[in-house]
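Structural overview for review
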Amino acid sequence: NTYEENRVMTIRRFLKKCDNFSICAETADAGDYFVEGFPDNYTIFHIMLKGKVKLAEPFSDEFIMLDDNLIDTKHYLYRDRLYHALEDCFIVGFNPLNPKTDWDAQLITESFVGNDMSYLICFDGNPTVNGKEMQRWDYAQLSNKEYSVDNDGILVMFTRK
């Protein structure tokens, strides 16, 4: 038997349900494949914390590369998805609880004005927002006010339309 015949998939999955959205995450080794399908997958944004993943609809030549901090994947809503880890990866998905609710996402790198329809989520590092240090998975619903940011991580604002 060759190595490929005996290869064991190393995918680990996580899910956290919040008030208006859920966050899912997967870790995988290079070469692993994982599949998600509707109605189980409402992911409209991916956040890459590590690695590179190829995302495609099964049996399609069309694909996108997930290799940036924040990627819009609304195009794949209501579709089956095939993920191929090209490198060891840690990928996070942002999912509205109601797939018909539209959201925007913005990577936060500096101070900004909040919106009471928005949530701020820390995905990596320890950014400081209004003097409070955040850690991975910390999140807060925002208000219509100015937020000062000292960012050394991955901080994303999701706004419900």
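Further up the page is the structure itself.
Residues numbered from 1 in each chain as written. Predicted model: local features only at pLDDT ≥ 70, side-chain atom pairs only at ≥ 80, totals over all residues. Heavy atoms only, no water.

**Overview of the overall build of the chain**
Basically, it comes down to this: Each helix is a run of H or I in the DSSP string that is no shorter than four residues. Each strand is a run of E no shorter than two, and both are numbered from the N terminus. The size measure is the radius of gyration over C-alpha atoms, and the globule rule it meets is 2.2 Å times the number of residues to the 0.38 power. Only protein chains enter the accessibility calculation, which uses a 1.4 Å probe. A residue is then buried if its area is under 20% of the maximum for its type, exposed if over 50%, and partly exposed in between. Pairs of residues are marked as contacts when any of their non-hydrogen atoms sit within 4.5 Å. Calculation of accessible area relied on Shrake-Rupley with a 1.4 Å probe; when residues are assessed, cover is drawn exclusively from the protein chains displayed. Only four residue types enter the tally: Lys and Arg on the positive side, Asp and Glu on the negative side; His and the chain ends are excluded. Here the site of a charge means NZ on Lys, CZ on Arg, CG on Asp, or CD on Glu.
Scanning the chain for helices and strands turns up one helix and 18 strands. Since a compact globule built from 161 residues should have a radius of gyration of about 15 Å, the 17 Å found for the chain is in line with a globular shape. Per-residue burial over the chain gives 40% buried out of 161 residues. Residue pairs at least 24 apart in sequence account for 67% of intrachain contacts in the chain once pairs closer than 6 positions are excluded. Element-wise, carbon and sulfur atoms account for 46% of the exposed surface of the chain, whose accessible area totals about 8900 Å². Placing the 17 positive and 27 negative side-chain charges of the chain at their respective mean positions leaves the two points 5 Å apart.

**Some words on the side chain of Asp32**
Definition in use: Throughout this description, a polar contact denotes any pair of N or O atoms lying within 3.5 Å of each other; where both atoms belong to protein, one of them has to be capable of donating a hydrogen while the other can accept it, and for residues adjacent in sequence the pair is counted only when both atoms sit in side chains.
Among the structural elements, Asp32 can be located in the loop between β2 (21-28) and β3 (33-36). A polar atom in the side chain of Asp32 sits 2.8 Å from the side chain of Thr10.

**Details of the environment of Ser143**
Summarising the element assignment, Ser143 is placed in the loop between β15 (139-141) and β16 (146-147). C-alpha separation for the pair Ser143 and Tyr119, spaced 24 residues apart in sequence, amounts to 9.1 Å. Not counting chain neighbours up to four residues away, the residues in contact with Ser143 comprise Gly114, Asn115 and Asp116.

**With respect to a negative patch on the surface**
Our working definition: Like charges are joined within 9 Å and nonpolar side chains (Val, Leu, Ile, Met, Phe, Trp, Tyr) within 5 Å, but only among residues with over 30% relative accessible area and no salt bridge; these make up the patches. Salt bridges are defined as contacts in which a side-chain nitrogen from Lys or Arg sits within 4 Å of a carboxyl oxygen from Asp or Glu.
The grouping of Asp29, Asp67, Asp68, Glu87 and Asp88 at the surface amounts to a negative patch. As for its placement among the helices and strands, Asp68 is situated in the loop between β6 (63-66) and β7 (70-72).

**Focus: unusual backbone geometry**
Positive phi is not limited to glycine here, since Phe59 has a value of about 70°. Inspection of the secondary structure puts Phe59 in the loop between β5 (53-56) and β6. You will see that Asn130, though not glycine, has its phi angle at about 50°, which is positive.

**Concerning the layout of surface pockets**
Cut-off, in case you're wondering: Here a cavity denotes a set of grid points, spaced 1 Å apart and computed over the protein atoms alone, in which a 1.4 Å probe fits but from which it cannot get out, and a pocket denotes an open set meeting protein on both sides within 12 Å along at least five of seven lines; residues with an atom within 4 Å of a point are reported as lining. Grid points are joined across faces, edges and corners, and a volume is the space filled by probe spheres set on the points. Note on residue categories: nonpolar means Ala, Val, Leu, Ile, Met, Phe, Trp, Tyr, Cys or Pro, charged means Asp, Glu, Lys or Arg, and polar means any other residue, Gly included.
Taken as a whole, the largest pocket encloses approximately 250 Å³ of empty space. If you go around the largest pocket, you meet 18 residues; those closest to its centre are Leu15, Cys24, Asp40, Asn41 and Asn95. If you list the elements that add at least two residues to the lining of the largest pocket, you get β1 (12-17), β2 and β9 (89-96). Counting residues per element, the lining of the largest pocket draws most heavily on β2, at four residues. As a volume, the second largest pocket reaches approximately 190 Å³. Around the second largest pocket sit Leu120, Val129, Asn130, Lys132, Glu133, Met134, Ala140, Gln141, Leu142, Lys145 and Tyr147, which together line it. Those elements giving two or more residues to the lining of the second largest pocket turn out to be β14 (132-133) and β15. A breakdown of the residues in the lining of the second largest pocket according to their chemical character gives six nonpolar, two polar and three charged.

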